[in-house]
Amino acid sequence: MAPSSAAPRPVAPAQRVAAADRVRFLTEDSPAPRTVRDTILASWRRSQAMRVAADKIEMRFEPDIHLDTRLTRSAQPVLRNLSEQLQGQSVSVILTDQTGLVLSRLTGDGELERHLDRVLLAPGFNYAEEFVGTNGIGTALEVGGPAHVFGHEHYAENLEELACAGVPIHHPVTGRLVGAVDLTCWRKDAGTLLLTLAKTTAAQIRQALLTDASASQLELFQDYLRACNRRTGIVFAMNSDVVMLNDHARASLEPADQSTLLAQAAESMATARRGTVLVELPSGVTARMYCRRVGASDAPSGVVAHVVLDRNTTEATHARELRRTVPLPSLVGSGPPWLHACQEVERVFRSGEWLAVEGEPGVGKLAVLRAVQLRRQPVGRLELLEARNAASDPEWLAGARQALTGGAETVVFRHVDELSAPLLRSLAAALQDARAKQTSPTWVAVTLAVDKHSAALEQLLRLFPSSVELPPLRLHLEDLPPLVTGFLSRHGQAGQLTCSPEAMRLLMRMSWPGNALQLHDLLRAVTTHRRSGSITAEDLPPEVHAVSRRVLSPLEAMERDAIVKCLNDAHGNKLQAARSLGMSRATIYRKIHDYGIVPPTV
């Protein structure tokens with residue numbers, strides 16, 4: 001990014017101290033800032049943990065920003081009026097959405113406007129802390145309250161000439177965070193009233209949002225609050241635009257149960273039905289729901305419902321609940337996305353419908369199918385046909401036909417999406433013939449990648465009424481620690497080898513594109529040189545120490561590995577590692593950020 005062309009501005013003594021503290025924080029292993037405010041120091045630490053660059057500002061431009069929203073419509077008159085009052089002053093009035101994406105900017109000074117363009121504080125760019133570190137917008141959104149940042153308190157040195165005051169904006173009805181308003185000026189012009197003015201502006205925008213909210217939504221919201229105050233248990237309210245659930249509803253109801261109750265409430269609202277109804281939920285629990293319409297009978301504002309769950313279910317329901325909570329044999333994982341997918345596979349198996357299991361490579365599609373078959377048919381036979389062998393095996397299709405008629409209880413076609421179009425059509429014909437001639441029930445399942453469907457594959461999948469997608473590991477990372485324990489046990493290191501907290505922290509940071517299989521292979525490689533004790537960060541391969549935002553070239557990967565090695569040899573001392581590599585301090589900081597390297601801690 002081009003350096004600022006604005007003339008350097010005088011630095012007050014307090015700012016000189018802040019500048020020195022910032023440099024000390026960025027360069028020393030154990031900084032001891034003297035005068036840095038707690039909120040600023042906490043933000044610096046978050047910025048450092050997120051590997052934000054301190055010497056430059058770079059981010060992607062978002063061209064598709066939504067400007068016709070309730071927030072922008074409500075805020076526009078307020079911000080325009082404030083900008084007119086500040087005309088000719090070096091103050092910029094900025095509105096962002098709830099993520100920190102800048103939606104609008106009104107500036108009354110040309111020099112300040114040009115400087116803000118250079119530091120990308122402009123519509124279409126995101127000023128969340130994860131992109132630019134400590135600043136009025138991102139820090140206010142992060143802490144959930146007003147934040148003011150002056151000069152060298154900014155994490156990125158490009159912002160040191162500025163002062164900013166940001167205030168989050170919450171919707172006055174739902175309480176949801178909808179955006180933030182920020183006032184930015186030159187550091188030398190900043191005063192204590194900057195934050196006060198930002199707070200007043202945010203309050204005016206909230207009032208405008210309240211005015212914009214329809215009377216019907218307010219009526220529904222007020223009735224919902226009254227119901228929450230008067231009743232215990234599950235309470236929710238809804239209309240065609242809004243759904244509100246209390247904490248008890250979110251904690252007690254599974255997603256499928258929530259959907260069922262909302263559908264029943266929508267029917268009650270449409271038919272003007274009033275009173276208590278019994279609803280059988282997908283979880284097997286019976287719910288007693290009382291619905292009451294809000295508003296005029298000819299134009300209701302919505303419906304408020306109170307729900308009581310009947311836990312005195314039948315023995316069969318109780319058995320179903322036990323099955324739903326007991327993990328499948330030989331599988332590890334208790335994260336909700338993973339358990340839900342496993343339960344769906346087991347449900348389809350019980351129904352007898354043929355099943356297509358989709359997922360990214362390495363998520364465990366075959367493992368889930370084997371586990372379900374082991375639980376439901378412990379003495380049954382599972383025939384596995386690997387579609388990747390079909391191209392080199394002229395007898396593969398004949399073997400598939402034989403497997404379908406050979407008396408196996410379960411037949412699984414693995415990686416079926418990798419078959420050629422002629423083989424897919426032939427396999428579809430074989431499956432149709434087997435289904436027509438079937439005398440004993442044979443359950444058939446196929447595994448395939450997500451969204452890799454050709455016309456021939458779509459024709460084959462018509463024979464499989466149900467489909468379940470297994471979640472990637474990055475969506476249920478809470479299962480990573482037990483997976484590590486399970487894989488170490490599988491490699492013969494049960495009880496002899498554990499994973500240190502630091503190593504586990506690094507593993508939890510990875511995105512795992514190869515999913516559980518990638519974790520399995522990584523741990524297998526680690527156990528070749530570490531057979532007992534505790535796996536430390538130094539035992540893990542270099543790619544674990546870095547989380548890159550892009551695919552690295554071979555040369556870049558070599559450079560990343562060299563930096564990781566030198567940092568490990570220097571026990572995390574960046575200056576010592578830079579000297580070993582022949583780099584400047586600024587260069588190694590930039591490389592650490594670009595490659596997403598996490599230096600070891602002493």
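Everything numeric here is computed off the predicted structure, so don't read it as measured data. By convention here, each chain's residues receive numbers from 1 onward along its written sequence. Where totals are concerned, whole chains, interfaces and linings use all residues; where local detail is concerned, this predicted model gives features only for residues with pLDDT of at least 70, and gives and counts side-chain atom pairs only at 80 or more. To obtain the side-chain values, all non-hydrogen atoms of the structure were used and water was disregarded.

Draft legend 1. Structural view of the nonpolar core. Counting 52 residues, the largest nonpolar core has Trp 396, Phe 413, Leu 431 and Leu 460 as its most contacted members. By definition in these notes, contact holds between two residues if any of their heavy atoms fall within 4.5 Å. When near neighbours in sequence (up to four residues on either side) are disregarded, Trp 396 contacts Leu 385, Glu 386, Ala 387, Asn 389, Ala 390, Phe 413, Leu 419 and Leu 427. If you look at the next biggest cluster of nonpolar residues, it comprises 26 residues, including Val 93, Leu 95, Leu 183 and Ala 202. Here, nonpolar core means buried Ala, Val, Leu, Ile, Met, Phe, Trp, Tyr and Cys residues that are tied together by side-chain atoms lying within 4.5 Å of each other. Buried residues are those whose accessible area, probed at 1.4 Å on protein chains only, stays under 20% of the maximum for their type, while exposed residues exceed 50% and partly exposed ones sit between those limits.

Draft legend 2. Summary view of the packing of aromatic side chains. Each pair of aromatic rings taken from Phe, Tyr and Trp, with Trp reduced to its six-membered ring, is defined by centres within 6.5 Å and is described as stacked if the planes are under 30 degrees apart, edge-to-face if over 60, and tilted in the remaining cases. Scanning all chains against the criterion turns up 5 aromatic pairs. When the centroid spacing of 5.5 Å and the interplanar angle of 45 degrees are considered together, the rings of Phe 25 and Trp 44 count as tilted. Taken together, the positions of Phe 25 in helix α1 (residues 13-27) and Trp 44 in helix α2 (residues 38-49) put the pair 19 residues apart, joining distant regions of the chain. Trp 44 matches Phe 25 in its accessibility class, with the two residues each being buried. Judged by centre distance (6.2 Å) and plane angle (65 degrees), the ring pair of Trp 396 and Phe 413 falls under edge-to-face. Pair noted here: Trp 396 is in helix α14 (residues 396-405) and Phe 413 is in strand β13 (residues 410-414), with a separation of 17 residues, a long-range link. Here Trp 396 falls in the buried class, since its relative accessible area comes to 5%. The rule is short: NZ of Lys or CZ of Arg within 6 Å of the ring centre and within 35 degrees of the ring normal puts a charge over the ring. Lying across the ring of Trp 354, Arg 435 places its NZ or CZ 3.9 Å from the centre. Secondary structure elements follow DSSP: runs of H or I no shorter than four residues count as helices, runs of E no shorter than two count as strands, and numbering proceeds from the N terminus.

Draft legend 3. Summary view of the sheet that holds strand β5 (residues 177-186). Taking strand neighbours across the sheet as the criterion, the 5 strands line up as β2-β1-β5-β4-β3 in an open arrangement whose pairing is antiparallel. Every other strand in the sheet has two partners, leaving β2 (102-107) and β3 (147-150) as the edge strands with one partner each. Sheet twist, expressed as the mean angle between neighbouring strand axes with direction ignored, is 15 degrees. In the sheet, strand β1 (residues 91-97) pairs with β5 via 7 bridges, with the strands oriented antiparallel. Opposite Val 93, over in β5, you have Leu 183 as the bridge partner. For two strands to be treated as a pair, DSSP must find at least two bridges joining them. To obtain an axis, a line is fitted to C-alpha atoms, over the contacting stretch when the element is a helix, and the angle between two such axes runs from 0 to 180 degrees between their N-to-C directions.

Draft legend 4. Representation of the pairing of β1 within the structure. With 7 of its 7 residues buried, β1 lies for the most part within the structure. The side-chain alternation of β1 yields two buried faces, one formed by Val 91, Val 93, Leu 95 and Asp 97 and the other by Ser 92, Ile 94 and Thr 96. Bridge count for β1 against β2 is 5 bridges, and the pairing is antiparallel. Bridging across to β2, Thr 96 finds its partner in Val 102. The loop that links β1 with its antiparallel partner β2 comprises 4 residues; one of these, Gly 100, has a positive phi angle of about 100 degrees.

Draft legend 5. Quick peek at the sheet that holds strand β11 (residues 355-358). Taken in spatial order, the 5 strands line up as β12-β13-β14-β11-β15 in an open sheet, and their pairing is parallel. What marks the edges here is a single partner per strand, and that holds for β12 (382-386) and β15 (466-469). Direction aside, neighbouring strands of the sheet carry axes that sit 20 degrees apart on average. In the sheet, β12 pairs with β13 via 5 bridges, with the strands oriented parallel. Within the sheet, the bridge partner assigned to Glu 386 lies in β13 and is Arg 414.

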